[in-house]
Each structure stands twice: as structure tokens, then as C-alpha cells.
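# Chain and residue survey
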Amino acid sequence: MASTERLYEVWMLYCNKKDPDYLKLWLEIFVSSYEKCLDVDFEKPPTRLEEVPPVMSLLPDNILQVLRHQLLQCVQKVSDGLEEEQQTLALLLVKFLIVVCRNLSNVEEIGTCSYINHVITMTTLYIQQLKSKTKEKELEDQTPAEEFVRHALTFCESLYDPYRNWRHRASGELVSAVEKSRQKFKAAPLTLEFIPFFYQCFQESEHLKESLKCCLLHLFGAIVAGSQRNALLAISPATMEVLMRVLADCDTLDNQDCQDLTHKAQLTLKCLTEVVQMLLASSSDQRQVEISTILENYFKLLNSDPAALTVRSKSRQWENCFVALQIQMLNTITEMFDCSDRPVLQAIFLNSNCFEHLIRLLQNSKLVVNARCKTAVKSEKDFANKLLTEMNEYQVLLELPFASSTSLCMVLTN
């Protein structure tokens, strides 16, 4: 930890001389003291902090005003291209904001300032650059832009999911409702800029790195998991369109992208699971989108005909990826039912004609279920058969291949 005296000395030099180099030095010293707080890799579980950053009252009185001015200058210049020193300063500013937000008592104050909108403005411009495919871009080093985007999205996560609920869940850790109710500090109110920002990032994004798309999806999941208030603002027709389009863009992938597809699909499906469960816990007057609408689009994609789509892709491997996606979507249905209001959700699924959708899928598909799945379903098959009998669909099930019927049983009996 750098000494408080050194930070004070450098800050006084900046205040007396107004030299941006001293501000940059102060930020470098401060950020390097809390390097572990940055934690920008969404794929890793959250790290436990050994030392919590200070509260804002222990930092220089006018620090927020100074940094806001510097950030605004960067915003005004970014469209014309920032010089290397300005890029470094902008990144340091965002790193500082991430660090101070790791002291959760600072989140509310930082969240009510204009930082988030400035950061989103810069991130939007950087992503537009990263989405374009030009000869100039191919020659330029895109690392500074990518690094800024990753840190900016982590800053957003720090505001909207301060306890890292999403990261815990994405890594397989359970955050119970009791645990969540004990979380003392609340997420910052979601900026109105988020939905158009999120939507725009996925427009004409075929040249945007898959890893950055995954970061954006992680951020969406974090917002939904961070607080119900923000979740209900974020879950909108526009964002649901994005999630469904992400799942449906398999036909644009080539043979080398199948692994990226699998990871991105899993992440998107986790987001949809979180969305359904959050909507289930809300009242109808709070929701912008109904679960039934999400299910309608979900089953429409699930029942897509891969044979027709592969005419465009002409890739057998692509078809295998699409079938793998269908299996993931079936498994996700069972995960959606892992909630406290399961009977209510079952009723919504039934009213959405889920049995008809699933049986039509099985009649038209070539799904292959491995031996482990066949074994796992045996103890639950009787209950599935009973459900289908009540719907006069049991004869249809008997006529299907064994692998298909076991897939259906797995979905219906979990």
C-alpha cells in the first residue's frame, strides 16, 4: 500500500501546479495500491478483498469534481481520437472509479454522479470503432480501446451488482434470497442510457470480438441479479430482442466459431433464466415484458428447422452446433423451474402450449442423448408419461425414437 503521505504530496503538487501529469501520477499510485479490486475478468468468481479501499470522505475534498472535469474532456475528444496520454488518463479514471466502488459505501455517491453517462458515451464510441472493419482498423492496435471497454463494463457492474451476485451464480455458487436480503448496500439506480447502449452494441456486431459480446452479456446478467428495481428497468422488449438474436445468430458462424457459440449461448441462456425468475417475482404492473412473450420467442427459436438454415451455411458442423444449442435450451427450461414459485411458472408454461412445442420439436429433430442422460431419466419417466397421458399425447410419445422421448422426459420432469 502506497503511503498516505505520498498520495497527499502528489495531490498537493497537482493542486498547486495544475499539471495533469501529477494527476496521472496520483491515480497510478492509488490504483496500483488496490490492483486486486479491478477484477475485470467476468469469467472468474469474484475475489475476496484483503484491503477495502477508503470511503470518499477520506479522499481529497474536490477529487470527484476534478475527475469529472477530466473525464468530460476525454468524452469531448474521443470521437476525434484520443492521443496516447489521454487514452491512458481515461483508463486510469475508470480504474479509479472501479476501485472506490469496491468500498460498497461509495456506490450510491458515485452512482448519482454523471460519471456513468460519460463512461457509457466513451464506451459506445469505442465499440463502434471495434465493430467497424476497415483497412485502417486492421493496421491499428485495438488493445487500448478493448481494455477501456472491459474496464468500463466492470465499472458498470460495480455500480449495479456491488455484491457480485451474478458472478457467484455464473460460477455455480448459490446466492439465496436470505443472503440477498442481508446485503446492506443497494445497487445504484440504473441509468436510462443503458438500454439503448446495450441494444446498439449488438447492432451490426459481426466484427465485434465474441469475448466483448460475452462481457456485455455478463453485465446484463449482473444488472438483473443486482437488484429487482434495476432488473425490471433492464428487462425490456429491446433487451429481450437482443438476447434472442444472440441465440439465433448461429447461421452467421463458421466452423471455427462453434466453441464461441457454445459459451455465448450458455451465457445468454443463464441471462434468460435470471430474467424469467426475476419477472416471476414481480407484479404485472412492474413488468415491461411478460414471461409468456419470452417463451413464445424462445419456443419459436427452439423449433427452428436446422435443415433449412444449413442451406445458407452449408456446414455439417454448424448443424451439430445448432442441435447442441437446442439441447442447451431444453436444459435451460429445467433450470428456470428451480425457483420458489415453481407451480406458477408451470402454469405459465402450460398456458404457452409448451407440450405442443416440445413434441413438435421432437417429431422434427435428430437429437441424440448420451447414455448418461438415458440413465438419469429412468426414475422420472413415469411422471412424464402421466402428464402426457392426461394431455392425450402419450401415443405420440410412444411413436417417437427413444432418444427423443428421453429428452422430453428430462424437460418435463425436472
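## Describing the overall build of the protein
In terms of regular secondary structure, the protein is built from 24 helices and 0 strands. A total of 414 residues make up the protein; the buried ones form 51% of that total. Taking contacts inside the protein between residues at least 6 apart in sequence as the whole, the part at least 24 apart equals 76%.

## Concerning the pattern of salt bridges
Tallying each qualifying case throughout the model produces 12 salt bridges. Put simply, Glu157 and Arg164 hold a salt bridge, and the shortest N to O gap is 3.5 Å. Both residues of the pair, Glu157 and Arg164, belong to the buried class. Of the charged contacts, one joins Lys264 and Asp249 as a salt bridge, the two residues approaching to 3.3 Å between their closest N and O atoms. Within this pair, whereas Lys264 is found in helix 15 (residues 258–280), its partner Asp249 is found in the loop between helix 14 (237–248) and helix 15, the two being separated by 15 residues in sequence. Across the pair, Asp249 and Lys264 agree in class, each one buried.

## Some words on the confidence of the model for the protein
Confidence along the protein averages 82 in pLDDT terms, with 79% of residues attaining 70 or more. Low pLDDT (under 50) marks residues 310–314, which in the prediction has 6 contacts with non-local residues, meaning those over four places away or in another chain. Note that residues 366–405 has pLDDT below 50 and, in this model, 50 contacts with residues that lie over four places away or in other chains.

## Details of unusual backbone geometry
The phi torsion at Lys18 lies on the positive side, around 55°, for a residue other than glycine. Inspection of the secondary structure puts Lys18 in the loop between helix 1 (4–17) and helix 2 (20–33). With a phi close to 45°, Asp39 is a non-glycine residue in the positive phi region. Within the secondary structure, Asp39 sits in the loop between helix 2 and helix 3 (63–78).

## A closer look at helix 1
Note: α-helices contain 3.6 residues per turn, so residues at a spacing of three or four share the same orientation. Helix length check: helix 1 (14 residues) gives 20 Å between terminal C-alpha atoms against 20 Å at 1.5 Å per residue, within 8%. Listed as buried for helix 1 are Leu7, Val10, Trp11 and Tyr14. The arc that holds every buried residue of helix 1, seen down its axis, measures 100°, which confines them to one face. The outward face of helix 1, more than 90 degrees from its buried face, is lined by the exposed residues Glu5, Tyr8, Asn16 and Lys17. Residues of helix 1 that are buried sit in contact with helix 2 and helix 3. Two residues or fewer past helix 1, Lys18 is found with a positive phi of approximately 55°.

## Notes on the nonpolar core
Formed by 119 residues in total, the largest nonpolar core has its most connected members in Phe96, Phe155 and Phe220. In this structure Phe220 touches Phe194, Phe198, Ala234, Ile235, Thr239, Met240, Leu243, Cys271 and Val275, once residues within four positions along its chain are discounted.

## A short note on the environment of Cys339
As for its placement among the helices and strands, Cys339 is situated in the loop between helix 18 (316–336) and helix 19 (342–351). Taking relative accessible area as the criterion, Cys339 reaches 22% and is therefore assigned partly exposed. Along the backbone, Cys339 and Met278 are 61 residues apart, and their C-alpha atoms lie at a distance of 9.8 Å. Residues within four places of Cys339 in sequence aside, it is in contact with Gln277, Leu280 and Leu345.

## What to know about the packing of helix 4 (residues 84–101) against helix 6 (residues 115–131)
It is at 12 Å that the axes of helix 4 and helix 6 come closest, and there the two elements cross at 135°. With respect to each other, helix 4 and helix 6 are oriented oblique. For helix 4 against helix 6, the interelement crossing comes out left-handed. The residues of helix 6 that touch helix 4, namely those facing Gln87, Ala90, Val94 and Leu97, are Tyr115, Val119, Met122 and Tyr126.

## As for a negative patch on the surface
A cluster of acidic residues, Asp21, Glu83, Glu84 and Glu85, forms a negative patch at the surface. Along the polypeptide, Glu85 turns up in helix 4.

## A few points about the packing of helix 1 against helix 2
Interhelical geometry of helix 1 versus helix 2 gives an angle of 160° and a closest axis separation of 8 Å. In this view, helix 1 runs roughly antiparallel relative to helix 2, as classed from their interaxial angle. The handedness of the crossing between helix 1 and helix 2 is left-handed. Between helix 1 and helix 2, the contacting residues are Arg6, Leu7, Val10, Trp11, Leu13, Tyr14 and Lys17 on the first element and Pro20, Tyr22, Leu23, Leu25, Trp26, Ile29 and Phe30 on the second. Residues that form the contact of helix 1 with helix 2 fall into these classes: 12 nonpolar, no polar and 2 charged.

## A short note on the environment of Thr334
Relative to the elements of secondary structure, Thr334 occurs in helix 18. Using a relative accessible area of 19% as the deciding quantity, one classes Thr334 as buried.

## What to know about helix 12 (residues 210–226)
The end-to-end C-alpha separation of helix 12 is 24 Å, in line with the 24 Å expected for 17 residues at 1.5 Å each. The element helix 12 is largely enclosed, with a buried count of 16 among its 17 residues.

Reading the values: the criteria
Residues numbered from 1 in each chain as written. Predicted model: local features only at pLDDT ≥ 70, side-chain atom pairs only at ≥ 80, totals over all residues. Heavy atoms only, no water. Helix = DSSP H or I, 4+ residues; strand = E, 2+ residues; numbered from the N terminus. Buried < 20%, exposed > 50% of the residue type's maximum accessible area, 1.4 Å probe, protein only. Contact = heavy atoms within 4.5 Å. Salt bridge = Lys/Arg side-chain N within 4 Å of Asp/Glu carboxyl O. pLDDT = per-residue confidence, 0-100. Expected span 1.5 Å × (residues − 1). Arc of directions from axis to C-beta. Core = buried A, V, L, I, M, F, W, Y, C linked by side-chain atoms within 4.5 Å. Axes fitted to C-alpha atoms, helices over the stretch in contact; angles between N-to-C directions. Parallel < 35°, antiparallel > 145°, perpendicular 65-115°, else oblique. Left-handed = near helix turned anticlockwise from the far one by under 90°. Patch = residues over 30% accessible without salt bridge, like charges linked within 9 Å, V, L, I, M, F, W, Y side chains within 5 Å. Areas by Shrake-Rupley, 256 points an atom, 1.4 Å probe, with all protein chains shown as cover. Lys, Arg positive; Asp, Glu negative; His and termini not counted. Charge placed at Lys NZ, Arg CZ, Asp CG, Glu CD. Nonpolar A, V, L, I, M, F, W, Y, C, P; charged D, E, K, R; others polar.

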